[in-house]
Amino acid sequence: MAGATTNAEGKWGVDAVLDGYTVESINITTTPIREQVADQKNIVRKEIRYDTRHDLRCTLRGTAEPANTTLTIDSKTFLVDLVEKAGTYNGLQRWNVTGHCYANCTAETALS
């Protein structure tokens, strides 16, 4: 919802934008992806961070079901994992959507 305001108690509204939908709520979790490096006795001596995973959970309001391939929210493209019909609000259909992306991968390749 564009035009979120701030007051002494905190921020009002959601800044995330997705064309054709009202973003009711959004949560993005960031998780580092690491490789464990063990010594000759299999004791982990260090970890190497080689990527970052971003997980999306959001509730959208709109007339059409969101695409089940990718969603771009605030310039970040997520691969959609789940689209769930979530009832209505003031006559508009609600959708719960989960998805993910990596810092180095935002597209999938279908096997032929």
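Scroll up for the structure.
Worth saying up front: this structure is predicted, and the values here are computed from it rather than measured.

Trainee: Would you mind showing me how to read the side chain of Asp51 here?
Mentor: Secondary-structure assignment places Asp51 in strand β4 (residues 44-61). Of the side chains with opposite charge, Arg49 lies nearest to the buried Asp51, which makes no salt bridge, at 9.3 Å. Within the structure, Asp51 has its side chain in polar contact with the backbone nitrogen of Ala103 (distance 3.3 Å). A distance of 3.2 Å separates polar atoms of two side chains, one belonging to Asp51 and the other to Asn104. Excluding residues within four positions of it along the chain, Asp51 makes contact with Pro32, Ile33, Tyr102, Ala103 and Asn104.

Trainee: Could you clarify how one ought to interpret the nonpolar core in this entry?
Mentor: Side chains of nonpolar character tend, in soluble globular proteins, to be buried together. Counting 16 residues, the largest nonpolar core has Leu18, Val23, Cys58, Leu60, Leu71, Ile73 and Val97 as the members making the most contacts within it. Listed by contribution, the elements that provide at least two residues to this core are β4, β5 (70-73), β6 (76-89) and β7 (92-102). Setting aside chain neighbours within four positions, we find Leu71 in contact with Leu18, Leu60, Pro66, Lys76, Thr77, Phe78, Val80 and Val97.

Trainee: Before we go on, may I ask you to explain the environment of Val17 in this structure?
Mentor: One can find Val17 in the loop between β2 (10-12) and β3 (22-38). In the structure, Val17 is positioned 48 residues away from Glu65 in sequence and 16 Å away in space, judged by C-alpha atoms. In contact with Val17, not counting residues within four places along its chain, are Val23, Thr72, Ile73 and Asp74.

Trainee: For this particular structure, what's the right way to read the sheet that holds β3?
Mentor: Each strand in a sheet pairs with its neighbour through backbone hydrogen bonds, running either in the same direction (parallel) or in the opposite one (antiparallel). Read across the open sheet, the 5 strands follow the order β3-β4-β7-β6-β5; overall the sheet is antiparallel. For this open sheet the edge positions go to β3 and β5, each flanked by a neighbour on one side alone. Along the sheet, successive strands turn relative to each other by an average axial angle of 35 degrees, direction set aside. Relative to β4, β3 runs antiparallel, the two being bridged by 16 bridges. Residue pairing for β4: Gln36 is matched across the bridge by Glu47.

What counts, and at which threshold
- In this numbering scheme, every chain counts its residues from 1 along its sequence in written order.
- Under the rules for a predicted model, residues below a pLDDT of 70 receive no local features and side-chain atom pairs below 80 are neither given nor counted, while totals for whole chains, interfaces and linings still include all residues.
- Think of the side-chain values as coming from all heavy atoms in the structure, minus any hydrogens and water.
- Helix numbering and strand numbering both begin at the N terminus, where a helix is a DSSP run of H or I of at least 4 residues and a strand a DSSP run of E of at least 2.
- A simple rule labels every residue: compare its accessible area, found with a 1.4 Å probe on the protein chains alone, to the largest value its type can have, and call it buried under 20%, exposed over 50%, or partly exposed in between.
- Note on charges: Lys and Arg go in the positive column, Asp and Glu in the negative column, and His and the chain ends are not counted at all.
- Whenever Lys or Arg places a side-chain nitrogen within 4 Å of a carboxyl oxygen from Asp or Glu, that contact is recorded as a salt bridge.
- As used in this structure description, the phrase polar contact means that two N or O atoms lie within 3.5 Å; if the pair is within protein, one of them must be able to donate a hydrogen and the other to accept it, and residues adjacent in sequence are counted only when both atoms belong to side chains.
- Only heavy atoms enter the contact rule, under which two residues are in contact if any of them lie within 4.5 Å.
- By nonpolar core is meant a set of buried Ala, Val, Leu, Ile, Met, Phe, Trp, Tyr and Cys residues that side-chain atoms within 4.5 Å join together.
- Pairing between two strands is assigned when DSSP locates at least 2 bridges connecting them.
- Structural elements are reduced to axes, namely lines fitted to C-alpha atoms, with helices fitted over the stretch in contact, and the angle between N-to-C directions of any two is expressed from 0 to 180 degrees.

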